Each structure stands twice: as C-alpha cells, then as structure tokens.
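Okay, here's what each chain looks like letter by letter:
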Amino acid sequence: MSMSIASRCTAAAAAVAVAMAGLAAATPAAAQDYPTKQVRIIVPFAAGGPADIFARFLGQHLSESLKQPFVIEDRPGAGSVIGTGEAAKSAPDGYTLLMMSNTHTTNESLIPNKPYRLMTDFVPVAPVNESELLMVIHPSVAAKSLKDFLALAKAQPGKLNYASSGPGTPYHMAGELFKAMSGTDIVHVPYKGSSQARTDIVGGHVQMMFDALTTMAENAKAGKVVALATTGQKRSAVLPDVPTVAEAGVPGYEATIWIGVMAPKGTPEPVVAKLNAEINRILARDAVKTEWAKQGATPLSMSPAQFDAYLRKDIEKWAKVVEVSGAKVK
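Criteria and thresholds
- Residues numbered from 1 in each chain as written.
- Predicted model: local features only at pLDDT ≥ 70, side-chain atom pairs only at ≥ 80, totals over all residues.
- Heavy atoms only, no water.
- pLDDT = per-residue confidence, 0-100.
- Contact = heavy atoms within 4.5 Å.
- Helix = DSSP H or I, 4+ residues; strand = E, 2+ residues; numbered from the N terminus.
- Buried < 20%, exposed > 50% of the residue type's maximum accessible area, 1.4 Å probe, protein only.
- Polar contact = N/O pair within 3.5 Å; in protein donor to acceptor, adjacent residues only side chain to side chain.
- Salt bridge = Lys/Arg side-chain N within 4 Å of Asp/Glu carboxyl O.
- Pairing = 2+ DSSP bridges.
- Right-handed = clockwise from strand over helix to strand, strands pointing away.
- Phe/Tyr/Trp six-rings, centres within 6.5 Å; stacked < 30°, edge-to-face > 60°.
- Lys NZ or Arg CZ within 6 Å of the ring centre and 35° of its normal.

Q: Explain the confidence of the model for the chain to me, using residue names and the numbers behind them.
A: Per-chain confidence: the chain averages 90 in pLDDT, with 91% of residues scoring 70 or above. Every residue in residues 15-28 is under pLDDT 50, and counting partners more than four places away or in other chains gives one contact.

This is the structure:
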C-alpha cells in the first residue's frame, strides 16, 4: 500500500530535520578537532617589527597548545594593504589568520580604495596587546628635550623630518597627530617597514621617529637615539625618567600601538571561539604578563564581540585624526 501524501510529507520533513541536526552537530565536532593541519598567520608588515615579533610568539604558543604548526608569513607592502588583501581572499576555514594592528583601523579612512573592507571581509578573533610609542631623535639633532625640539621645529618649518614604517601605521599617525597638536611642520618620510626606518634613525639618515616602545627602548638606553617622550597617559615603567608628550609640551597628546588577530569572513564561529579562548589563555599566563611588562606591552583580553566593538570605535577615532591632521597617502 502506497504512502499517503501527508505521510510522505511527514517522512520528508523528518529526513530534513535529521540532516540538519547532523550538520549542526558536525560544526562543533569540526571545531573540537581544529586544527588538523598547519595554520598560517599572515603578517602584513616587515620582519622585525612588533606585529612580526608578537605573531611569532603567539604562533609558537598556539603550536604547542593546539598541536599543529602555526607558521608566520610576512607579506609587507602598501601600508599593510598587500598582505591584508591576500588574507581577505583566503578560504574562511580557520587555516589562514591575519595579524593586524591599528594601522588597519586607520586605513579604513586613510586608504578608502582598498581591495577589502576590514569589518566586511574579516571577523574579529582576539586582540593581543598594546604598548606606548617612544618619540626619539638622532643625537646629532640640536635638541635635548621635547621643548627644545618643538622650538627647533617651529624655527625651521619643513626642514626637519620623521620616519615611519609606512602610510597609516601607528608611527605615521602619531607623527601627524603630533604635528597637528603642536603646530609644527615636519616632513613625513615613509618606509616599507619599521626595521628600515629604525635603522635609519639610528644611523642619522632621518631626524625623528615615533616607534614602538617594545622595539626602540634598548636603542635609547644604549644612547643610539635620544628619547624625548613616551606617548601614553602616564610615564612608562620601562623608561621612568622619560616624560610623556603631554607633560613635556603637547597637552592632551596620546597615541598607542596595538595588535590583534582576525580571520576571513565566514570562518566558523566555533573555530573563532576556540582560537579566542586559547589566545586569551596564553595571554593570561603570569610569565607572559611579566615578560611583556619589561618590554612595555600590556596583554589585551576580549571576546570576539568585545573586540568587534573595540575595532569599530578605533575606526571612528582614527577617522577623526585623519580629518584633523589632513594626513594623506602619497
């Protein structure tokens, strides 16, 4: 006897429900097994900078805890746009991640014609850390303090220059914000990466630079550069004798650098959640906090949703700085 239409519909609905339940169960299982092969972390900046250094730190610890290689691939160029564009086109399966920074939130307004949109083509995974910047000059510059440097810059508009690791980077925007707030005219000299910019400030080929405290402090301690100021709200424990920019001559000034991890849009939420939990677990270790504190870095811990809100707020912040400073990509 053949099944009635109602019976066939009921059976079909039951089959669909079973299939959907199996699919739903498969995703958490896949996340539980993740990763089953090598994961690459694209760093869209040059080797030797903070993003590269901390990506390697994170990759090593993720490899140890998740039992699969996390390999770092440096893809610098065009103010992070080249490597980020590559990451955006990658399969959203959790096996390609992006190490990003506030360069990316700045570029949303500074470089509107990019092959991607940050909050459209990526999903937030987790922040990693933040640190202050250190404003330094070469010892040949006729200044021993920030007030000296301000006087020199105002007496010689357009004669002094400052290095950055490229358009839209925290180093560039810290310089533009400084110019806008101090009323000085200092020429921006963009490099393809922070390592070469750092080499040239130490070598005296450029006169001033805002650099990550984590990578420039040792040069200042060794006398290779003169530390004028740090860029946080209070003095750094790494260089306690160095004043902040705000207290030394430019009231209200503040600029920092932070880094984080994103993944291509469509990456399964359970995979994102697993990565977020593991990264937060690594950053919560006392040994990590202690070691990073010596370098001037502070771990950041957020859920993916909290990091999403943080990113959107930072995009708004730097859009205002770009507008006020008049910064442009040449």
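From this point, things continue past the structure.
Q: Give me the lowdown on the side chain of Thr 84, citing residues and values where you can.
A: Mapping Thr 84 onto the fold places it in helix α3 (residues 81-88). We classify Thr 84 as buried; its relative accessible area is 0%. For Thr 84, the side chain forms a polar contact with the side chain of His 104, separated by 2.7 Å. Ignoring sequence-local partners within four residues, the contact set of Thr 84 consists of Pro 44, Leu 98, His 104, Tyr 116 and Phe 122.

Q: Before we move on, could you go through the pattern of salt bridges and cite the residues and values that matter?
A: Scanning the model with the defined rule gives 14 salt bridges in all. For the salt bridge of Arg 75 with Glu 73, the shortest nitrogen-to-oxygen distance reads 3.2 Å. The shortest N-O distance in the salt bridge between Lys 179 and Glu 176 comes to 3.3 Å. In this pair, Lys 179 and Glu 176 are both assigned in helix α7 (residues 170-182), three residues apart and thus about one turn of the helix distant. Glu 176 carries the same exposure label as Lys 179, and that label is buried. What emerges from the salt-bridge pattern is a single network uniting Arg 40, Glu 73, Arg 75 and Glu 86.

Q: Outline the pairing of strand β2 (residues 70-74), supporting the account with residue identities and numerical values.
A: Extensive coverage of β2 is indicated by the burial of four of its five residues. In terms of strand pairing, strand β1 (residues 39-43) meets β2 through five bridges, oriented parallel. Paired with Val 39 across the bridge in β2 is Phe 70. Viewed along the sheet, the connection from β1 through helix α2 (residues 50-66) into β2 turns out right-handed.

Q: Break down the pairing of strand β9 (residues 256-264) for me, with residues and values.
A: The element β9 is extensively covered by neighbouring structure, given that nine of its nine residues are classed as buried. In the sheet, strand β4 (residues 122-137) pairs with β9 via nine bridges, with the strands oriented antiparallel. Each residue of the ladder has a partner; that of Glu 132, found in β9, is Thr 256.

Q: Break down the packing of aromatic side chains for me, citing the residues and quoting the values.
A: Summed over the entire model, instances satisfying the criterion amount to 10 aromatic pairs. Taking 6.2 Å as the distance between ring centres and 85 degrees as the angle between the ring planes, the aromatic pair formed by Tyr 116 and Phe 122 counts as edge-to-face. Here Tyr 116 falls in the buried class, since its relative accessible area comes to 2%. Note on Phe 122: relative accessible area 2%, which makes it buried. Connected via pairs of aromatic rings, a cluster forms that spans Phe 54, Phe 57 and Trp 292. The positively charged end of Lys 37 is found above the aromatic ring belonging to Tyr 95, 4.8 Å away from the centroid. A cation over an aromatic ring shows up here: Lys 114 above the ring of Tyr 116, its NZ or CZ 5.4 Å from the ring centre.

Q: So, the environment of Val 189: which residues are in play, and what are the values?
A: When you line up the elements, Val 189 lands in strand β6 (residues 187-190). Placed 70 residues apart in sequence, Val 189 and Met 119 show a C-alpha to C-alpha distance of 29 Å. Those residues in contact with Val 189 that lie beyond four places of it in its chain are Asn 161, Tyr 162, Ala 163, Ser 164 and Val 206.

Q: Please give an account of unusual backbone geometry that cites residues and values.
A: A cis amide bond links Tyr 34 to the next residue, Pro 35, at an omega of -5 degrees. Tracing the backbone through its elements, the reader meets Pro 35 in the loop between α1 (5-33) and β1. In this structure, Lys 67 is a non-glycine residue whose phi angle is positive, near 65 degrees. Its location among the elements puts Lys 67 in the loop between α2 and β2. Judged by its relative accessible area of 64%, Lys 67 is exposed. Unlike most non-glycine residues, Ala 78 shows phi in positive territory, near 55 degrees. Secondary-structure assignment places Ala 78 in the loop between β2 and α3. Taking relative accessible area as the criterion, Ala 78 reaches 48% and is therefore assigned partly exposed.

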